[in-house]
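Close look at the chain arrangement
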Amino acid sequence: MPIDAVPNSGKKQLPAIKRSNRGVSLNSINELSPIEKGAYSLMQMSVQEARRTKQKDITADQVSAYLKDHPDFLEHHVMEEVELEQLERWMIRRTQRARKQTLPMGKNGRKTSLSRWKFCVHADKRQMLLDLTHSLQIRPTRAHVLWELANCISSAVGADGFRLYLAETGDPDILSLYIGSDVGEPRLEKVKCGLTVPTYVARTREAIRLSRGDVDPRFPEGLSRKGEIAHHILCQAITQPDGDLVAVLELIRKEDGLPFHEEDEEIACSYLVWGGIALHYAHLFLNINKQRKLNDFLLAVVKSIFQDMVSMDMLVIKIMNFAQRLVDADRASLFLVDSKSKELYATIFDVGIDCSNLNHGSDSGGEENGKQPPSREIRFPIGTGIAGQVALSGEILNIVDAYSDPRFNRTVDAITGYKTETILCMPIYIRGSLIGVVQMVNKRLGYFTKDDEEAFQMFAVYCGLALHHAKLYDKIRRSEQKYKVALEVLSYHNTSTAEEVQNCLTQGIPESVEHIDSYYFNPFDYDDFGKAKCAIYMFIDLFGLQRFDKASLIRFTLTIKKNYRRVPYHNWTHGFSVANTMYSVIKSSVDAFRSNERLALFIGSLCHDLDHRGKNNKFMLDTDSPIAAIYSTSTMEHHHFNQTVTILQQEGHNIFGKLNSSEYKQVLGLVKHCILATDLALFFPNRAKLSMLMEEEKFSWSILEHRMLIQAIAMTASDLSASAKPWEIQVQTVKVIFEEFYQQGDAERAAGRTPISMMDREQPDQQAASQVGFLNGICIPCYSLLYRLIPETKPLLDMCTKNLEKWTELAAEMQRRRDSKAKLM
């Protein structure tokens, strides 16, 4: 280095040094700063060395050694004399060299250290981060964040422009040029494979710097494409932390610009680190937002099902509108599966377009003959078209180019002029069964992505749930209509006719019935119509007609008679007989029950076995009867009460119509209590509670719960009153009882089960023993307890005791016969 090249002309000049013939004065040197003293020493040394070497140049080693010994002078020179841009380049190259020496390069990319950012002052990092954060808040989409990031990088490296290629599907061979817009929505332009540099970078994740005229065997065309304004490019891949490709950024400098250097590449990489954070949070935000939308949709579905009770068509429209917004599709279709005909069908098609073209567009697979789909419904076989293939395979189809897929049916596009480009089609399952297929057509911006598939898959679960409940609602609504029709038919056939009512009015209700208030009244002395008139007589005798309509009472009683089935025992005769016994209990114990309680006891007795099928509750449960599916406990008793309510609700049958609302509610509740009490399974706990109250002397007629217990015992006593009738009536009744038992036993044997001996037709010799056990175990305890509380019912206990004695004798005789027969064998 020549002597005159020593830095001495910086912005801050060294002060003039006083000289004399003897040289520089000592006082002048002492006034200098350390840096100035260093500069003076260097000058002196240089002069002396030059003199010694006779103007010979200073070597690099000498300068280097001096700078190492004088770091203050080096710092001053660098800070004052070196340009800022040159200083940045030095620091980037120094950092890069240190990293290359310590960290191996990855196969498909490079690691960027954030530590060098503290040296990068060319760009306003703080402003860049603020811009990205603001952008993330107002438009947190991946494409927009990438666009803002690309703008920052372009500004940081001094590029004249950039191109951003999105890899939405993750496939490096399918790129879309993102065209941002400050006004309106941005758009995507699909690029062809001819843009080899971005495609190469997308495949290899390797950054490329290229200038016009460069010879690179990987890109034989270089930058000579028609209309190309770029003279220098820097192309880099943008990836997620897991390595998935997101986009490719191509930075551009025009002809008057400089080529891109390696430090430009490093700056871009550093920005991409921060951009990756923004992308990550944008992705999280979008996922949360989509989940929120899904939750809102599920809430709307629940409201629709349980509040609005919308039709299937309305629900389909809601589903399609939501699905469109979820994946940003242009059109949506929902096809339901007809399992009987093996077809897909849709009544709502291509939601999202003009109503005039409701049935046009989109690949349904159903227009084989080139005709427009029908205006109300379209159908096509499973396996036809894209939707049909999804229904057949049960797999998701995400098609980026419909026309290149052989499964796509182009007929509809040809008819409507609509161009189908991308399709996302997904099956909908409920409980493992395919119930439909949802098809989205033409994503408005780019292609349907993996994120769309995942969100759509979650949506399909909710969609299946909504459709399942909508189908159930439709089925229930149809069943309700069928029920109304069936009720009308039953009302016609099971309701007393006008002729019967008129006949009863013409003949009149008897003013008295001999011995009807006796516990030993014989119901077999009257035919069915005669029993009905006797029942009306008993009602009027107990309650009068001040609060009741006579025509309604006649119509109600005749309809009750008609709704007892013609089974051997639990028929109208039994219903009348139980009501007659309760009538006798009420008549003989006037003060035992209150007015509404007496009314409920009598009506409950009259209706307690309505529509009995001649089978007990256990049989109904064992045979999976529909009634047993409705009522898990006291199966038939609940059915008898509901039949009573059904008859009361028929026109002209409400005998309680003149009661006020409070009385009506009380009486109906008591009627239910009385009918359910005839279930023998409830007799045992009722008896135990009442017996304990009696033993502890705690029973009180003023306590509602105690009165309810005595009502239940009175109902059981009336229901079993055949066992307390005179022997001739008892034997006749037992005969039909066992015939009904045997019919149930026959049904059980036909079903492969062995009936109990009491119901086994092949064991008739067990009748007497069965009666002994029945009277001893249930009837005698019941009448004994009732007698203690209502002494007027003693005739029931007396006659039951006499019948028990006769059955005991018969059972003993049957046992002797069996023993004798056994001895003979």
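Within each chain, residue numbers correspond to sequence positions counted from 1 in written order. Thresholds applied to this predicted model are a pLDDT of at least 70 for local features of residues and 80 or more for the giving and counting of side-chain atom pairs; totals over whole chains, interfaces and linings are not thresholded and use all residues. Excluding hydrogens and water, the side-chain figures rest on all heavy atoms present in the structure.

Overview of the overall build of the protein
In DSSP terms, a helix is any run of H or I states spanning at least four residues, a strand is any run of E spanning at least two, and both are numbered starting from the N terminus. Along the protein, the regular secondary structure elements total 27 helices and 14 strands. For the protein, the residues scored as buried account for 47% of the 825 residues in total. Whether two residues touch is decided by their heavy atoms; if any such pair falls within 4.5 Å, the residues are in contact. Relative to all contacts within the protein whose residues are 6 or more apart in sequence, the contacts with residues 24 or more apart total 67%. Where accessible areas are quoted, they stem from the Shrake-Rupley method and a 1.4 Å probe; at the residue level, only the protein chains shown are allowed to cover. Summed over its atoms, the accessible surface of the protein is roughly 43100 Å², and 53% of this surface lies on carbon and sulfur atoms. Any residue under 20% of the maximum accessible area for its type is buried, any over 50% is exposed, and the rest in between are partly exposed; the area is computed with a 1.4 Å probe on protein chains only.

Looking at the sheet that holds strand S3 (residues 161-166)
Taken in spatial order, the 6 strands of this open sheet run S5-S4-S3-S8-S7-S6, and their pairing is antiparallel. Single-partner strands in this sheet number two, and they are strand S5 (187-190) and strand S6 (208-211). Each strand axis lies, on average, 25° off the axis of its neighbour in the sheet, ignoring direction. Axis lines are fitted through C-alpha atoms, for helices just across the contact stretch, and the angle between N-to-C directions can take any value from 0 to 180 degrees. The strands touched by helix H7 (residues 142-156) are S3, strand S4 (176-179), strand S7 (232-239) and strand S8 (245-253); relative to S3, the strand with the most contacts, the crossing angle is about 150°. What makes two strands pair is DSSP finding at least two bridges between them.

Looking at the pattern of salt bridges
By definition here, a salt bridge exists when the distance from a side-chain nitrogen of Lys or Arg to a carboxyl oxygen of Asp or Glu is within 4 Å. Applying the stated criterion across every chain, the model contains 27 salt bridges. Between arginine 407 and aspartate 405 there is a salt bridge; the shortest N-O distance is 2.7 Å. Among the residues examined, arginine 407 registers a relative accessible area of 34% and is labelled partly exposed. The buried category is assigned to aspartate 405, whose relative accessible area is 12%. Here glutamate 813 ties to arginine 817 by a salt bridge, and the two come within 3.5 Å at their closest N and O atoms. With glutamate 813 and arginine 817 both in helix H27 (residues 794-824) and 4 residues apart, the pair spans about one turn of that helix. Put simply, Glu206, Asp216 and Arg218 are held in one network by salt bridges that share partners.

Let's talk about helix H16 (residues 550-562)
Here the expected length of a helix is defined as 1.5 Å per residue gap, with one fewer gap than residues. In a regular helix each residue adds 1.5 Å, so 13 residues correspond to 18 Å; H16 covers 18 Å between its end C-alpha atoms and thus fits that length. Residues of H16 that are buried: Ser552, Leu553, Ile554, Phe556, Thr557, Leu558, Thr559, Ile560 and Lys561. Where H16 begins, the capping side chain belongs to aspartate 549, and its oxygen is found 3.3 Å from the backbone nitrogen of alanine 551. Residues adjacent in sequence count toward polar contacts only when both atoms are side-chain atoms; beyond that, a polar contact is any pair of N or O atoms within 3.5 Å, and within protein one must be able to donate a hydrogen and the other to accept it.

Some thoughts on the side chain of threonine 644
Relative to the elements of secondary structure, threonine 644 occurs in helix H21 (residues 635-649). A relative accessible area of 1% places threonine 644 in the buried class.

So, the sheet that holds strand S13 (residues 423-430)
Taking strand neighbours across the sheet as the criterion, the 6 strands line up as S11-S10-S9-S14-S13-S12 in an open arrangement whose pairing is antiparallel. Where the open sheet ends on each side, the last strands, each with one partner, are strand S11 (378-381) and strand S12 (397-399). Each adjacent strand pair in this sheet contributes to an overall mean axis angle of 25°, direction not counted. With 8 bridges connecting them, S13 and strand S14 (residues 433-443) associate as antiparallel partners. By the bridge assignment for S14, leucine 424 is matched with methionine 440.

Let's talk about the packing of helix H18 (residues 595-607) against helix H24 (residues 704-719)
The relative placement of two packed helices comes down to the angle between their axes together with the axis-to-axis distance. Close contact between H18 and H24 brings their axes to 11 Å; oriented N to C, the two are set at 30°. Between H18 and H24, the angle falls in the class roughly parallel. Crossing handedness for the pair H18 and H24: right-handed. On H24, the residues that touch Glu597, Leu601, Gly604 and Ser605 of H18 are Arg707, Gln711 and Met715. Three residue categories are used. Nonpolar comprises Ala, Val, Leu, Ile, Met, Phe, Trp, Tyr, Cys and Pro, charged comprises Asp, Glu, Lys and Arg, and polar comprises the others, including Gly. Here the contact of H18 with H24 is built from residues that sort into 2 nonpolar, 3 polar and 2 charged. Any angle that falls under 35 degrees is termed roughly parallel, while one over 145 is termed roughly antiparallel, one within 65 to 115 roughly perpendicular, and all others oblique. The crossing is said to be left-handed when, going from far helix to near helix, the turn is anticlockwise and less than a right angle, and right-handed when the turn is clockwise.

Thoughts on the pairing of S8
Of all 9 residues that make up S8, 9 are buried, and the element is covered over most of its length. Pairing of S3 with S8, which is carried by 6 bridges, proceeds in the antiparallel orientation. Residue tyrosine 165 lies in a different strand from S8, and its bridge partner there is valine 248. Relative to S8, S7 is paired through 8 bridges, and the arrangement is antiparallel.

A closer look at helix H26 (residues 767-789)
For H26, spanning 23 residues, the distance from its first C-alpha to its last is 32 Å, which sits close to the expected 33 Å at 1.5 Å a residue. One fitted axis covers the seven residues ending at a residue, a second covers the seven starting there, and the bend at that residue is the angle between these axes. Of all the bends in H26, the greatest, near 45°, is centred on leucine 775.

Considerations on the confidence of the model for the protein
Predicted confidence across the protein gives a mean pLDDT of 80, with 80% of residues reaching 70 or more. Of the regions scoring below 50 in pLDDT, residues 364-375 engages in 26 contacts with residues more than four places distant in sequence or in other chains. pLDDT is a per-residue confidence score from the predictor, ranging from 0 to 100.

Looking at the environment of valine 273
In this fold, valine 273 is placed in helix H9 (residues 262-308). Residue classification places valine 273 among the partly exposed residues on the basis of a relative accessible area of 28%. Here the alpha-carbon distance between valine 273 and threonine 239, two residues 34 residues apart in the chain, equals 9.9 Å.

Thoughts on the side chain of histidine 570
Turning to its location among the elements, histidine 570 is positioned in the loop between H16 and helix H17 (572-588). A distance of 2.4 Å separates polar atoms of two side chains, one belonging to histidine 570 and the other to glutamate 740. Look past the residues within four positions of histidine 570 in its chain and what remains in contact with it is Tyr564, Arg565, Asp609, His612 and Glu740.

Considerations on the pairing of strand S10 (residues 343-346)
Two strands pair when backbone bridges link them, and strand S9 (residues 329-338) and S10 are joined in this way by 3 bridges, in the antiparallel orientation. Residue pairing in the sheet places aspartate 338 in a bridge with glutamate 343 of S10. In this antiparallel pair of consecutive strands, S9 and S10, the connection spans 4 residues, and lysine 342 shows a positive phi of 55°. As paired strands, S10 and S11 are joined by 4 bridges and run antiparallel to one another. By the bridge assignment, alanine 346 is partnered in S11 with isoleucine 378.

Observations regarding the environment of lysine 531
Mapped onto the secondary structure, lysine 531 falls in helix H15 (residues 528-543). Once residues lying within four places of it in the same chain are set aside, the contact partners of lysine 531 are Pro523, Tyr526, Trp572, Thr573 and Phe576.

Comments concerning the packing of H15 against H17
Between H15 and H17, the least distance of the axes is 10 Å, while the angle of their chain directions is 25°. Viewed along their axes, H15 and H17 adopt a mutual orientation that is roughly parallel. Relative to H17, H15 is oriented so that their crossing is left-handed. Of the residues in H17, those touching H15 at Asp528, Lys531, Ala532, Cys534, Ala535, Tyr537, Met538, Asp541 and Leu542 are Trp572, Thr573, Phe576, Asn580, Tyr583, Ile586 and Lys587. Of the residues in the contact of H15 with H17, the class split is 10 nonpolar, 2 polar and 4 charged.

Let's talk about the packing of aromatic side chains
A pair of aromatic rings is counted whenever rings of Phe, Tyr or Trp (Trp by its six-membered ring) have centres within 6.5 Å, and the orientation is called stacked for planes under 30 degrees apart, edge-to-face for over 60 and tilted otherwise. A complete count under the given rule lists 22 aromatic pairs for this structure. Aromatic side chains tyrosine 564 and tryptophan 572 sit 6.0 Å apart centroid to centroid with 50° between the ring planes, which places their arrangement in the tilted category. Pair check on accessibility: tyrosine 564 and tryptophan 572 agree, each one buried. Pairwise contacts between aromatic rings join Phe521, Tyr526, Tyr564, Trp572 and Phe576 into one cluster. The positively charged end of arginine 253 is found above the aromatic ring belonging to phenylalanine 260, 4.2 Å away from the centroid. Look at NZ for Lys and CZ for Arg. If either is within 6 Å of the ring centre and within 35 degrees of the ring normal, a charge sits over the ring. Lying across the ring of tyrosine 403, lysine 419 places its NZ or CZ 5.1 Å from the centre.

Quick notes on a nonpolar patch on the surface
Among the surface-exposed residues, Ile277, Tyr281 and Leu284 lie close enough to one another that they form a single nonpolar patch of about 280 Å² accessible area. Within the element layout of this structure, isoleucine 277 appears in helix H9. Here isoleucine 277 falls in the partly exposed class, since its relative accessible area comes to 40%. Patch definition: residues above 30% relative accessible area lacking any salt bridge, with like charges linked at up to 9 Å and the nonpolar side chains Val, Leu, Ile, Met, Phe, Trp and Tyr linked at up to 5 Å.

Let's talk about unusual backbone geometry
Positive phi outside glycine occurs at lysine 342, with the angle close to 55°. Note that lysine 342 resides in the loop between S9 and S10. Phi angles above zero are rare outside glycine, and serine 634 is one such case at about 45°. On the secondary structure map, serine 634 appears in the loop between helix H20 (626-630) and H21.

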